[in-house]
Amino acid sequence: MLVTLLSSVWHQIQGLSAASQQPVDTFFVLGGSIRREMYVTQLAKQNPDIPILISTGSDDPCILKLFEREQAPTQQVWLEKCANSTFDNFVYSQPILSQWHAHHVKLITSPTHLPRAKWMAQIVLGSHGIWVDVEPVKETGVPANREFGLKTALDITRTILWALASQVIQPSCSNLIKLDEVNLNKWCQEEFSCEYQSGINIESICPVKIKKD
């Protein structure tokens, strides 16, 4: 039993080492600040063939408008809308990244989200052979997120437990959509807002709705 466990750990370490030498094959954006989504539009323009996964980011029309405004490709962008926390970001996104056969992920978050998000990513994704690089995107104004020791300790503890459980449990997100399939007509019949830092006006997305109002 011990020999089998040690052998498994050794192979996992070897796999991660090999993955770290490969080029980045996926951009993974943690929701929480539209600055991260603004940043990834530039990466999309520079790397149109690399898939992008945005985990519970801004409202769908806002993200779509950002990509269209920057003339960034949308065909390789997916929105995961199941997560409600940083922990959930990894619970629901890891199975997707594994299905994509991702090996070297660039994690896009904010400096105020570190080091907690980095450690959680390395634990969960690393346990599935995915190497993680972190790209912190500077925020402006007062950040919504606040890090403190107890919060980090609790999240890291349950992340370690989940890394073990996820070897046999793989949750499926029922709300996963391609960015280029976002239904603007449907969204324009509902209430949504775009973070002011995006510089996006709702009327630029839903002119008919605004006119009726």
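All of these numbers come straight from a predicted model, not from anything done at the bench.

Quick look at the packing of helix α4 (residues 86-99) against helix α5 (residues 116-126) now. It is the contact of α4 with α5, at a shortest axis distance of 10 Å, that shows an interaxial angle of 35 degrees. Of the two elements, α4 crosses α5, and the hand of that crossing is right-handed. For the pair α4 and α5, the contacting residues are T86, F87, F90, Q94 and L97 in the first and R116, A117, M120, A121, V124 and L125 in the second. The residue inventory of the contact of α4 with α5, partitioned by class, reads 8 nonpolar, 2 polar and 1 charged.

The next subject is the pattern of salt bridges. In total, this model carries 6 salt bridges according to the counting rule given. One salt bridge in this structure joins K81 and D60, with 2.9 Å as the shortest N-O distance. With K81 in the loop between β3 (77-80) and α4 and D60 in helix α3 (residues 60-69), this residue pair connects regions lying 21 residues apart in the sequence. Among the residues examined, D60 registers a relative accessible area of 5% and is labelled buried. Here K106 makes a salt bridge to E135, at a shortest N to O gap of 3.7 Å. Separated by 29 residues along the polypeptide, K106 in strand β4 (residues 104-109) and E135 in strand β5 (residues 131-136) bring together distant segments of the chain. By relative accessible area, which is 23% here, E135 ends up partly exposed. Three or more residues joined by partner-sharing salt bridges are found here, namely R116, D155 and R158.

The terminal C-alpha atoms of helix α2 (residues 34-46) lie 19 Å apart, and with 13 residues this matches the ideal 18 Å at 1.5 Å per residue to within 8%. Three or more residues of α2 are buried, namely I34, R36, E37, M38, V40, T41, L43 and A44. Looking at the buried residues of α2, the elements they touch are β1 (26-30), β2 (52-55), α3 and β4.

Rules used throughout
- Residues numbered from 1 in each chain as written.
- Predicted model: local features only at pLDDT ≥ 70, side-chain atom pairs only at ≥ 80, totals over all residues.
- Heavy atoms only, no water.
- Axes fitted to C-alpha atoms, helices over the stretch in contact; angles between N-to-C directions.
- Helix = DSSP H or I, 4+ residues; strand = E, 2+ residues; numbered from the N terminus.
- Left-handed = near helix turned anticlockwise from the far one by under 90°.
- Contact = heavy atoms within 4.5 Å.
- Nonpolar A, V, L, I, M, F, W, Y, C, P; charged D, E, K, R; others polar.
- Salt bridge = Lys/Arg side-chain N within 4 Å of Asp/Glu carboxyl O.
- Buried < 20%, exposed > 50% of the residue type's maximum accessible area, 1.4 Å probe, protein only.
- Expected span 1.5 Å × (residues − 1).

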